[in-house]
Amino acid sequence: MNSAATSIAGAPALSQRGDASPAAPSIVRVPILYVILGVLLIISIVPIYFYSAQVEAINRDRLKTNEMLLQNTVTRSLADDLSQHERSIRVMLANLSSAVQVASGGDIGDKNIEAPELRALLENFVSSSDDLAYATLLNSDAKGISAGRIAPDAFMQRELQHAFDAARDGRAYNGQALQIEDGKTPHTVVLFSNPVSYDGRFLGMVGAVVDLQFLIHRLREVSGGGLFSYVVDAQGRLVAAGNTQYVTGQDMKNLEIVRNFVDEGNKAQLAATKEFTVHDSGSNTEMLGTYSPVTPLEWAVVVQKPRLEAYRGVYEMQHTARLLALLAVAVSIFVSIIAARRITNPLQILTQSSRALARGDFSQRAHLKSRTEIGELAETFNSMSEELEQFVEDLKRAAEENRALFLGSIQMLAGAVDEKDPYTRGHSDRVTRYSMLIAKELKLDSTFMETLQISAQLHDVGKIGIEDLILKKPGALTPEEFEVMKTHTTKGANILRPVVQLAEMLPGIELHHEALDGRGYPYGLQGDQIPLLARVIAVADTFDALTTNRPYQAAHTPDEALKIIQNLAGKRLDPKVVRALLAVYGRGEIRIQRISIKRAVPVEPAAEPAPAIPAPTLPGPEAAALERSRV
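Trainee: Is there a simple way to think about the overall build of the protein in this case?
Mentor: Across its full length, the protein carries 20 helices and eleven strands. The long-range fraction of contacts in the protein, counting pairs at least 24 apart against all pairs at least 6 apart in sequence, stands at 61%. Of the accessible surface of the protein, which amounts to about 34200 Å², a share of 56% is contributed by carbon and sulfur atoms.

Trainee: Sorry if this is basic, but what is going on with the environment of Ser 455 here?
Mentor: Summarising the element assignment, Ser 455 is placed in helix 12 (residues 446-457). C-alpha separation for the pair Ser 455 and Met 505, spaced 50 residues apart in sequence, amounts to 4.8 Å. In terms of polar contacts, Ser 455 uses its side chain to reach the backbone carbonyl oxygen of Met 505, at 2.9 Å.

Trainee: Just checking my understanding: could you explain the side chain of Ser 455 for this structure?
Mentor: The exposure class of Ser 455 is buried, given its relative accessible area of 0%. Once you skip the residues sitting within four places of it in the chain, Ser 455 turns out to touch Met 505, Gly 508, Ile 509, Leu 533 and Ile 537.

Trainee: Help me out: how do you make sense of the packing of helix 12 against helix 17 (residues 532-546) in this one?
Mentor: Where helix 12 meets helix 17, the axes come as close as 10 Å, and the angle between the chain directions of the two elements is 55°. Viewed along their axes, helix 12 and helix 17 adopt a mutual orientation that is oblique. The hand of the helix 12/helix 17 crossing is right-handed. Across the interface between the two elements, Phe 448, Thr 451, Leu 452, Ser 455 and Ala 456 from helix 12 touch Leu 532, Leu 533, Val 536 and Ile 537 from helix 17. Along the lines of polarity and charge, the residues of the contact of helix 12 with helix 17 split into seven nonpolar, two polar and no charged.

Trainee: I keep staring at helix 12 and nothing clicks. Help me out?
Mentor: Side chains three or four residues apart in an α-helix point the same way, a direct result of the helix having 3.6 residues per turn. Taking 1.5 Å as the rise per residue, helix 12 with twelve residues should run 16 Å; its terminal C-alpha atoms sit 17 Å apart, in good agreement. Of the positions making up helix 12, those classed as buried are Phe 448, Met 449, Thr 451, Leu 452, Ile 454, Ser 455, Ala 456 and Gln 457. N-capping of helix 12 is provided by Asp 445, with a side-chain oxygen placed 3.1 Å from the backbone N of Thr 447.

Trainee: Teacher, can you tell me more about the side chain of Arg 90 here?
Mentor: Its place among the elements puts Arg 90 in helix 3 (residues 46-104). When near neighbours in sequence (up to four residues on either side) are disregarded, Arg 90 contacts Ala 172, Tyr 173, Asn 174, Phe 192, Ser 193 and Asn 194.

Trainee: Can you help me understand the nonpolar core in this one?
Mentor: Side chains of a nonpolar character, in soluble globular proteins, are inclined to be buried together. By size, the foremost hydrophobic cluster in this structure holds 42 residues, and its most contacted members are Leu 82, Phe 125, Leu 137, Leu 215, Val 231 and Trp 299. At eight residues, helix 3 tops the list of elements feeding residues into this core. When residues no more than four places from it in sequence are discounted, the contact partners of Val 231 are Leu 82, Leu 215, Leu 219, Arg 237, Leu 238, Val 239, Ala 240, Trp 299, Ala 300 and Val 301. In terms of nonpolar packing, the next biggest core, distinct from the first, is built from 29 residues, Val 536, Phe 543, Leu 573 and Val 584 among them.

Trainee: Is there a simple way to think about the confidence of the model for the protein in this case?
Mentor: Detailed reading of the predicted coordinates is not advisable wherever pLDDT falls low. In this model, the protein carries an average pLDDT of 79, and 75% of its residues clear a pLDDT of 70 or more. Helix 19 (residues 575-586) holds the highest mean pLDDT among the elements of the protein, 95, whereas helix 1 (residues 2-16) holds the lowest, 38. Under a pLDDT of 50 for its full length, residues 1-22 has, in the predicted model, three contacts with residues more than four places off or in other chains. Predicted confidence is poor over residues 596-621, with pLDDT under 50, and the contacts of this stretch with residues over four places away or in other chains come to 37 contacts.

Trainee: Is there a simple way to think about the pattern of salt bridges in this case?
Mentor: Throughout the structure, instances matching the rule amount to 19 salt bridges. Between Arg 76 and Asp 80 there is a salt bridge; the shortest N-O distance is 3.4 Å. Within this pair, Arg 76 and its partner Asp 80 are both found in helix 3, separated by four residues, close to a single helical turn. By relative accessible area, Arg 76 is classed as partly exposed at 27%. Put simply, Arg 587 and Glu 441 hold a salt bridge, and the shortest N to O gap is 2.5 Å. Taken together, the residues Arg 587 in the loop between helix 19 and helix 20 (619-627) and Glu 441 in helix 11 (residues 427-441) connect sequence positions 146 residues apart. For Arg 587, a relative accessible area of 48% corresponds to the partly exposed category. For Glu 441, a relative accessible area of 24% corresponds to the partly exposed category.

Trainee: What's the story with the packing of aromatic side chains in this structure? I'm lost.
Mentor: Aromatic ring pairs: the centre-centre distance and the angle between the two ring planes describe each pair. What the rule picks out here adds up to seven aromatic pairs. Both rings, one in Phe 164 and one in Phe 202, keep their centres 6.1 Å apart while their planes meet at 65°; by these two values the pair is edge-to-face. With Phe 164 in helix 5 (residues 154-168) and Phe 202 in strand 6 (residues 201-211), the pair connects residues that are 38 residues apart, well separated along the chain. A relative accessible area of 4% places Phe 164 in the buried class. According to the relative accessible area criterion, Phe 202 is partly exposed, its value standing at 22%. Joined through ring pairs, the aromatic side chains of Phe 228, Tyr 230 and Tyr 246 make up one cluster.

Trainee: What should I look at first to understand the packing of helix 17 against helix 18 (residues 558-568) in this one?
Mentor: To characterise two packed helices, one gives the angle between the axes of the helices and the distance between these axes. Contact pair helix 17 / helix 18: the axes reach a minimum separation of 9 Å and the direction vectors enclose 135°. By the angle between their directions, the pair helix 17 and helix 18 is classed as oblique. Two packed elements cross with a definite hand, and for helix 17 against helix 18 that hand is right-handed. On helix 18, the residues that touch Val 539, Thr 542, Phe 543 and Leu 546 of helix 17 are Pro 558, Ala 561, Leu 562, Ile 564 and Ile 565. Taken together, the residues that form the contact of helix 17 with helix 18 break down as eight nonpolar, one polar and no charged.

Trainee: What is the right way to read the pairing of strand 1 (residues 132-139) from this model?
Mentor: In summary, the side chains of a regular strand alternate between the two faces of the sheet. By the criterion of burial, strand 1 is predominantly enclosed, with eight of the eight residues buried. Note: strand 1 against strand 6, seven bridges, orientation antiparallel. By the bridge assignment for strand 6, Leu 132 is matched with Val 210. Pairing of strand 1 with strand 2 (residues 144-148) involves five bridges; the strand directions are antiparallel. What sits directly across from Tyr 134, in strand 2, is Gly 148. Turn length for the strand 1-strand 2 hairpin, with the two strands adjacent in sequence and antiparallel, is four residues, and the turn residue Ala 142 shows positive phi of about 65°.

Trainee: Which parts of the structure should I look at to understand the environment of Met 485?
Mentor: Within the secondary structure, Met 485 sits in helix 14 (residues 479-485). Looking at Met 485, the relative accessible area reads 0%, which means it is buried.

Trainee: Any chance you could explain the sheet that holds strand 9 (residues 272-280) here in plain terms?
Mentor: Sheet strands pair by backbone hydrogen bonding; their relative direction is either parallel or antiparallel. Across the sheet, which stays open at both edges, the five strands sit in the order 8-7-11-10-9 with antiparallel pairing between neighbours. Of all strands in the sheet, those bounded by a partner on one side alone are strand 8 (238-241) and strand 9. Averaged over neighbouring strand pairs, the angle between their axes works out to 30° when direction is ignored. As defined by bridge partners, strand 9 adjoins strand 10 (residues 283-294) across nine bridges and the pair is classed as antiparallel. Along strand 10, the bridge assignment pairs Thr 277 with Glu 286. Along the sheet, helix 7 (residues 256-264) contacts strand 7 (228-232), strand 9, strand 10 and strand 11 (299-306); its crossing angle with strand 10, the most-contacted strand, is approximately 35°.

Trainee: What should I look at first to understand helix 4 (residues 116-127) in this one?
Mentor: The terminal C-alpha atoms of helix 4 lie 16 Å apart, and with twelve residues this matches the ideal 16 Å at 1.5 Å per residue to within 8%. Residues of helix 4 that are buried: Leu 118, Leu 122, Phe 125 and Val 126. Down the axis, helix 4 shows its buried residues gathered within 95° of arc, on one side only. Facing away from the buried side of helix 4 by more than 90 degrees, the exposed set consists of Pro 116, Asn 124 and Ser 127.

Reading the values: the criteria
- Residues numbered from 1 in each chain as written.
- Predicted model: local features only at pLDDT ≥ 70, side-chain atom pairs only at ≥ 80, totals over all residues.
- Heavy atoms only, no water.
- Helix = DSSP H or I, 4+ residues; strand = E, 2+ residues; numbered from the N terminus.
- Contact = heavy atoms within 4.5 Å.
- Areas by Shrake-Rupley, 256 points an atom, 1.4 Å probe, with all protein chains shown as cover.
- Polar contact = N/O pair within 3.5 Å; in protein donor to acceptor, adjacent residues only side chain to side chain.
- Buried < 20%, exposed > 50% of the residue type's maximum accessible area, 1.4 Å probe, protein only.
- Axes fitted to C-alpha atoms, helices over the stretch in contact; angles between N-to-C directions.
- Parallel < 35°, antiparallel > 145°, perpendicular 65-115°, else oblique.
- Left-handed = near helix turned anticlockwise from the far one by under 90°.
- Nonpolar A, V, L, I, M, F, W, Y, C, P; charged D, E, K, R; others polar.
- Expected span 1.5 Å × (residues − 1).
- Core = buried A, V, L, I, M, F, W, Y, C linked by side-chain atoms within 4.5 Å.
- pLDDT = per-residue confidence, 0-100.
- Salt bridge = Lys/Arg side-chain N within 4 Å of Asp/Glu carboxyl O.
- Phe/Tyr/Trp six-rings, centres within 6.5 Å; stacked < 30°, edge-to-face > 60°.
- Pairing = 2+ DSSP bridges.
- Arc of directions from axis to C-beta.

Written out as C-alpha cells, the structure reads:
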C-alpha cells in the first residue's frame with residue numbers, strides 16, 4: 001500500500017516536468033461472467049446426460065415397482081388360499097360337531113364315546129379330504145376315539161392337550177406346525193379343533209390334523225428364478241417352505257422381514273415389501289422381500305429374492321445408459337476441469353486467507369494474480385486485512401488497559417476494606433492467592449479462575465458497611481455484635497449487585513461463610529447447595545484466618561491450621577478443596593509471613609471472657625471458634 005501511494009502521489013510531478021515515459025498500462029480485467037459462460041458452452045452436453053439419467057430413474061422405478069407387485073401378488077394369492085383352507089376346515093369341523101351331537105343324542109360319555117356310529121362319522125370325516133391326516137373325538141373326560149393315517153407323537157399329544165384346554169374354555173384352537181414321520185416321509189401337519197357342546201353344556205372336542213403338503217406344493221410352484229417362498233407363524237417359526245433348506249419349527253427371526261412381521265403382531269393386516277440384508281456365513285446378501293399376513297391363522301406368507309436378481313433388468317439398463325452417458329461426458333469433463341481450475345484456484349487462495357482471518361490471523365494476505373474480478377477482490381481483501389489487523393491490535397490494547405484498570409480498582413477497594421483493621425491488612429490478597437493455587441490444583445478452567453480471582457479479592461467488601469466499633473473491637477464479639485458482623489456477606493453482595501459484570505462473582509462474596517453441615521450463614525445452605533466458588537474461598541479464608549494474629553486469638557502454625565482444616569473437612573469445608581490446599585502446601589507453594597501488630601487490648605468484663613483457642617486436634621471447639629470469626 002505504501003508503494004502504491006508513493007507512485008500515485010508522484011505522478012503529477014512527473015507530468016509537470018514533461019517526462020516522456022509512458023504511463024503504466026491499466027489492467028484490463030475479464031469479467032468472471034464471461035469465463036463461466038464459456039465453461040457452460042463447452043459442457044453444454046451435460047444436460048443431455050441429466051436427461052438420460054432422469055429417464056433411467058423413471059424406468060428403474062417402474063421395474064422395481066413391477067417386481068414388488070409380482071411379489072405382492074404371489075404372497076397375497078398364497079395367503080388367500082391358506083385362509084380359504086382354514087375356513088373350509090372350520091366348516092367341516094362344525095359339521096362334524098353337529099353330526100356328533102345328533103348321533104349321540106347329546107351324550108358322548110364313557111358309555112357312548114365308542115359307539116359305532118361315532119367311529120363311522122370320524123372315519124368318513126378323515127376320508128372326505130386328502131388334506132386330513134388324522135381326526136379325534138374326545139368327551140369331557142378327555143377320553144375318545146380317533147381315525148387317520150398317522151399316529152400322534154409326543155409333540156402332537158401336547159398339542160391335543162392344548163386344544164382340549166381351549167375347548168373346555170369354549171374356544172377353537174389353531175396349533176403349531178409340526179413335522180411327523182409316517183414311516184416313509186416326513187409330513188408337516190397342524191392341528192385344528194372345535195369344542196362340542198349341547199344346550200350350553202360342554203360335551204367334548206373334535207380335532208383334525210391337516211397335512212400341509214398342499215401348501216408345500218404351492219410354495220414350490222412359485223419358487224424359482226431366485227425367488228424363495230415360505231410361511232411363518234406369529235412367533236417367527238417356520239411352518240412350511242418351498243425347499244428343504246429350512247425345517248419346520250426353525251426360528252426365522254434372524255431375517256429382518258420376519259422380525260418386522262413378528263413385531264407388528266395382530267396389527268399386521270396388509271402386505272408389506274421390504275429391502276433387507278441377510279447375514280450368512282460371513283457374507284451379506286441384499287434382499288427384496290414381501291410378506292402377506294394370514295389373519296385367521298396369525299401366519300404370514302413370505303417371499304424373498306436377492307436384489308441382484310430382482311433388479312437385474314434395472315442394473316442392465318443402468319449399465320448401458322451410464323456407458324453411453326459417460327462416453328458423451330468424458331470429453332466435456334476434461335475441458336471443464338481445465339476451465340474450472342482457472343476459476344477455483346484463485347478462489348481457494350481467497351478461501352484459505354478468509355479462514356485464517358476467521359481464526360484471528362490478521363497477518364494473512366491473499367497472494368494471487370488474476371485479470372478477473374477475483375484479482376480486484378484479492379486486493380480489497382488484503383487492504384481489509386491490514387485495517388482489521390490494526391483495529392484488532394488497538395482493541396486488544398484497550399481491553400488490556402481496561403482489564404488492568406478494573407483489577408486495580410478491585411484491589412484498591414479490597415485494600416481499603418483491609419486497611420480498616422491492621423489485623424486484616426493484606427487478608428484479601430492472601431485469600432485470593434490461596435484460592436487461585438487451590439483452583440489450579442483442582443484443574444478448574446480459566447473462566448472459573450478469572451471469576452474466582454475477582455470474587456476472592458472482594459469477598460469481604462461488605463465489611464465496609466460494618467461499624468468500626470464492631471469491626472475493630474479488640475476482644476471477642478457479643479452475640480449481638482456477631483449477628484451484625486455476619487451481615488457483611490449480604491452487604492457485600494448488595495453493594496456489588498447493581499454491577500451487571502460482577503453477577504458471576506456474587507456467590508463467592510455472599511456464600512463463603514456457608515458450611516456443608518448447614519450451620520453456616522447467611523442462609524444455612526448444605527452440601528452441593530453451596531457453589532464451588534464459595535467453597536474454594538471458604539477454605540482459603542479459613543486458612544488465612546488461622547495463620548494470622550487476631551485480637552481474639554494468636555496465629556496458629558501452618559501445620560496446626562491444616563490439622564484444624566482437615567478436621568473441618570466434610571463438616572464445614574469441602575473435602576476435595578481441603579485436599580487441594582494440602583497438596584499445594586505440601587509442594588511448598590504457600591509461604592506464611594508473620595506480621596506482628598501491637599495494639600492495646602482493653603480488658604473485657606469478667607461476665608464475658610474472650611473464648612480461648614482450643615488445641616488443633618479438637619475439631620468441635622475449633623469449629624465453634626471459627627463460626628465466631630470475623631474474617
